[in-house]
Amino acid sequence: MPTSTNDNFDKSTIADLVAKYGSSSTTAWLELERYKIWRPSVEIPESEFLPVQGYMTRNDWLFAWGNPLVSSPAALGPTARAFIQFAEEQGLHPVWACADSDLEEVLGSDDFGWSTVSCIYEDYVDPAHVIELTSPEAKGQEGVHVVKDLKKNLMRAEKYDVHVDEVKTGEWKDEERKSVEDGITAWKAGRSGIQIASTTLQPWLDEKHRRYWVARKDGKIVGILILTPVKSNTWQIKNAVSFPDAPKGTSEALIFTALEDLHGEENTGGAPTHLPTHITNGGQIPSLPTSPVSSTAEVSSLNVEPPSSNSASRAISPVSNSGLSGIPTPKRSSPPRGPGDSQSALEDENRVVLTFGISAAPGIEPKHNLGGWKVKALSKTYSKIASSAKLINRGEFRKKFDSAHEPMYVCYPPDGFGLDGVNTLFKLLKK
């Protein structure tokens, strides 16, 4: 079953499908210089459109990244089987990284017999929950201590007169774009140590699907937050960067302001909608734009516009009376779901969720077809790499927002992943 190359499919269509059916992992596929795209050569009846899978290769390994894009979970099994067949026909060893619980159950079943392990999870936050915990009325309530550091940093940003505002699509000035690009260049130059990531920082990639918040100090841009839509009512933080000259608390101010905006839109019904989450055109997939990608990497011709609102920059004040007190906070997500459990918060269309994406777990947890010495060997290798790359540190920042976790999985055939496969994957992710 032949693969599509990066040149013979429509890039805007892939971007639209990612925004409608994707996850935080699949947004990485739009970096087409790093990821390849596969689509089956024949239809998968369980999906209303031809499935899509992004992947990377190195040596004789193939790493599928995130779930395939399908219209129904029923299509996961047939799509996975077709993709595995493609990999094997190319003489490659397939590994599925960042699989969710639905795909993990498929690959770990008797039909596939793959080994599955959780060593990563997706961090996400409920905007209403964070806003309630940081409000003046929350003082003394249970759980407020969790956001103590967040409130301290928000007050720092306010003290240094950091203002945050959303820059809507079409409102960017050339000098603002240059300021962002210069800030990112300076930020990259200041990093040290091993850098492990599934994406690079390309601020204008898929711009028409994205939303931008910038932090300013004395009129100068000192940080940027970029959100992108994924399935259901979820927004992903693609990038949240404070430039080297940004005051402390700038990153927290950027994210907190976006949480306020998303929560306000949810309450007023003015939130920008993603692409529809259900097929309504007589059961047919709506036609998607087929215009070629532009030279500026705007791979989508569909726009996600925020509602008309006060676009003036706002100072950050977590202790001001914003009028949000008394708003009921949706229940926090229950512990990780299993077969038959209730719907994941990341798939709840009636709830706005902000996800930080994937982060490393402190250790590994075998799920299917894995045990004994193999677990010990894999655990030792994982701990060594996670420690050297400081992968666990990312989760520490996310805890400031009282983030919840959803386990994600790495899945591989019974003949093994092994040290060679682990090292190959981390080499691929090094920047």
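Residues numbered from 1 in each chain as written. Predicted model: local features only at pLDDT ≥ 70, side-chain atom pairs only at ≥ 80, totals over all residues. Heavy atoms only, no water.

1. Some details on the pairing of strand β7 (residues 211–217)
Within a regular beta strand, the side chains point alternately toward one face of the sheet and then the other, so they alternate between its two faces. A large share of β7 lies buried, amounting to six of its seven residues. Strand direction decides the pairing type here: strand β6 (residues 162–167) and β7, joined by six bridges, are antiparallel. Across the sheet, V164 pairs through a bridge with A215, a residue of β7. Direction of pairing for β7 relative to strand β8 (residues 220–230): antiparallel, over a ladder of seven bridges. Residue R211 lies in a different strand from β8, and its bridge partner there is L227. Taking the residues that link successive antiparallel strands as the turn, the β7-β8 hairpin has two residues, and the phi of D218 there is positive, at about 55°. (Buried < 20%, exposed > 50% of the residue type's maximum accessible area, 1.4 Å probe, protein only. Helix = DSSP H or I, 4+ residues; strand = E, 2+ residues; numbered from the N terminus. Pairing = 2+ DSSP bridges.)

2. Describing the environment of G219
Relative to the assigned elements, G219 resides in the loop between β7 and β8. It is 9.2 Å that separates the C-alpha atoms of G219 and V162, two residues lying 57 residues apart in sequence.

3. Topic: the pattern of salt bridges
Across all of its chains, the model carries 13 salt bridges by this definition. A salt bridge links K152 to D149, with the shortest nitrogen-to-oxygen separation between them at 3.8 Å. Here D149 and K152 lie together in helix α5 (residues 148–159), a separation of three residues that amounts to about one turn. Relative accessible area serves as the criterion here: at 42%, K152 is assigned to the partly exposed category. According to the relative accessible area criterion, D149 is partly exposed, its value standing at 28%. Here D245 ties to K220 by a salt bridge, and the two come within 2.6 Å at their closest N and O atoms. Taken together, the positions of D245 in the loop between β9 (234–242) and α7 (250–268) and K220 in strand β8 put the pair 25 residues apart, joining distant regions of the chain. In this structure, a network of salt bridges that share partners links the residues D149, K152, E252 and K400. (Salt bridge = Lys/Arg side-chain N within 4 Å of Asp/Glu carboxyl O.)

4. Describing helix α1 (residues 11–21)
Since the α-helix packs 3.6 residues into each turn, any two residues three or four apart lie on the same face. Among the 11 residues in α1, 10 count as buried, and that is most of the element. Taken together, the buried positions of α1 are S12, T13, I14, A15, D16, L17, V18, A19, K20 and Y21. Of the surrounding secondary structure, the elements contacted by the buried residues of α1 are β1 (36–38) and β8. (Contact = heavy atoms within 4.5 Å.)

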